[in-house]
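Architecture at a glance
These are the residues of each chain, in order.
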Amino acid sequence: MLLVRPPGVYRAQEDTSLLRHVLRRRGRLSGRSVLDVGSGTGALGIEAFRAGATSLTAIDLSLRSVMASWLNSRIHGISATVRRGDLFAPVAARRFDLVLANPPYVPGVGPLPSRHRAARCWDAGPDGRALLNRICSGVSSVLNEDGALLLVQSTLADEQATLDRLAEAGLVTEVLARAHIPFGPVLRTRVPELRARGLLGPDQTEEELVVIEACHG
Ligand SMILES: C[S@@+](CC[C@H](N)C(=O)[O-])C[C@H]1O[C@@H](n2cnc3c(N)ncnc32)[C@H](O)[C@@H]1O
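Keep in mind the model is a prediction, meaning the values are calculated, not measured.

Moving on: the site of the ligand. The local shell around the ligand holds 19 residues, among which Gly 38, Asp 60, Asp 86, Leu 87 and Asn 102 are the closest. Thr 16 places a polar side-chain atom, nitrogen or oxygen, 2.9 Å from an oxygen atom of the ligand. If the ligand stood free it would expose 610 Å²; the protein chains cover 96% of that surface.

Our focus in this paragraph is the environment of Leu 56. Here Leu 56 is to be found in strand 2 (residues 55–60). Look at Leu 56 and you get buried, because its relative accessible area is 6%. Excluding residues that lie within four positions of it along the chain, Leu 56 makes contacts with Val 34, Asp 36, Gly 45, Ile 46, Phe 49, Ile 78, Ala 80 and Thr 81.

Okay, the packing of helix 1 (residues 14–26) against helix 2 (residues 43–50) next. Running from N to C, helix 1 and helix 2 cross one another at 15°; their axes reach a closest spacing of 10 Å. Judged on the interaxial angle alone, helix 2 and helix 1 are roughly parallel. Where helix 1 crosses over helix 2, the handedness of that crossing is right-handed. Seen from helix 1, the contacting residues are Thr 16, Leu 19, Arg 20, Leu 23 and Arg 24; seen from helix 2, they are Ala 43, Leu 44, Glu 47, Ala 48 and Arg 50.

When helix 6 (residues 185–196) is considered as a whole, its buried residues turn out to be Leu 187, Arg 190, Val 191 and Leu 194. Structurally, helix 6 contributes buried residues whose contacts are with strand 7 (206–215). Once helix 6 ends, the next one or two residues include Gly 198, with phi positive near 80°.

A word on the pattern of salt bridges. For the coordinates displayed, the defined rule picks out 10 salt bridges. Notably, a salt bridge pairs Arg 32 with Asp 146, separated by 3.5 Å at the nearest N-O pair. Taken together, the residues span a long stretch of sequence, with Arg 32 in the loop between helix 1 and strand 1 (33–37) and Asp 146 in strand 5 (residues 143–154) at a distance of 114 residues. Arg 32 sits in the partly exposed class, given a relative accessible area of 27%. Looking at Asp 146, the relative accessible area reads 52%, which means it is exposed. Residue Arg 197 is joined to Glu 193 by a salt bridge in which the shortest nitrogen-to-oxygen separation is 3.6 Å. Judged by its relative accessible area of 35%, Arg 197 is partly exposed. Judged by relative accessible area, which is 31%, Glu 193 ranks as partly exposed. Because the salt bridges share partners, they merge into one network encompassing Arg 20, Arg 24 and Glu 47.

Thresholds applied
Residues numbered from 1 in each chain as written. Predicted model: local features only at pLDDT ≥ 70, side-chain atom pairs only at ≥ 80, totals over all residues. Heavy atoms only, no water. Near = heavy atom within 4 Å. Polar contact = N/O pair within 3.5 Å; in protein donor to acceptor, adjacent residues only side chain to side chain. Areas by Shrake-Rupley, 256 points an atom, 1.4 Å probe, with all protein chains shown as cover. Helix = DSSP H or I, 4+ residues; strand = E, 2+ residues; numbered from the N terminus. Buried < 20%, exposed > 50% of the residue type's maximum accessible area, 1.4 Å probe, protein only. Contact = heavy atoms within 4.5 Å. Axes fitted to C-alpha atoms, helices over the stretch in contact; angles between N-to-C directions. Parallel < 35°, antiparallel > 145°, perpendicular 65-115°, else oblique. Left-handed = near helix turned anticlockwise from the far one by under 90°. Salt bridge = Lys/Arg side-chain N within 4 Å of Asp/Glu carboxyl O.

In structure tokens form, the structure reads like this:
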């Protein structure tokens, strides 16, 4: 997929690909409205459109990502609504058939998510859950009655906590895909600290990605 990516915008990677793969396999998007939250280049929303979605809204906190999502949607012939803002805040009064999320989920080495622009694409607090927890508690308010969330994360950021929190929010969950991938450049720099904290095993060289679906049931 052709994607323009200005500096500081997340390059579509294995997590993006895994969620795109699930989207293609899942189908059933004809006539559906889609929200791509934390859109980056906009790759996920564009894939949803290719799968038949008829309306696309993309949100990102980063201005460069907003610009990239807008430009890429136009390049692919999609008239998407693109908003800059924090998670669901720009669409608080709306509901969607499908919400796509590939949020920052890498456990950080400091106490808070980094303020560095690029690191905001992946840093998510000490346990990697700063954004995941907010998505779990907030997503049901932007889902239609028969809507669904598709979310990708690393199991390093506690897959079970996501499943539990989504259930607490009244949603029924299912794991749709898993993939083992070698550590990327960010994780490689954090191996000693994450091992010391017990988040990585002594010989572990791969992390596991998981795609979770959640709906009202
Ligand atoms: C891992 S990247 C995923 C980008 C794209 N969806 C993909 O799959 O390639 C996470 C994105 O979330 C955005 N982001 C981080 N915090 C956010 C927030 N509070 N609200 C909205 N977007 C946020 C980042 O700017 C980044 O573009």
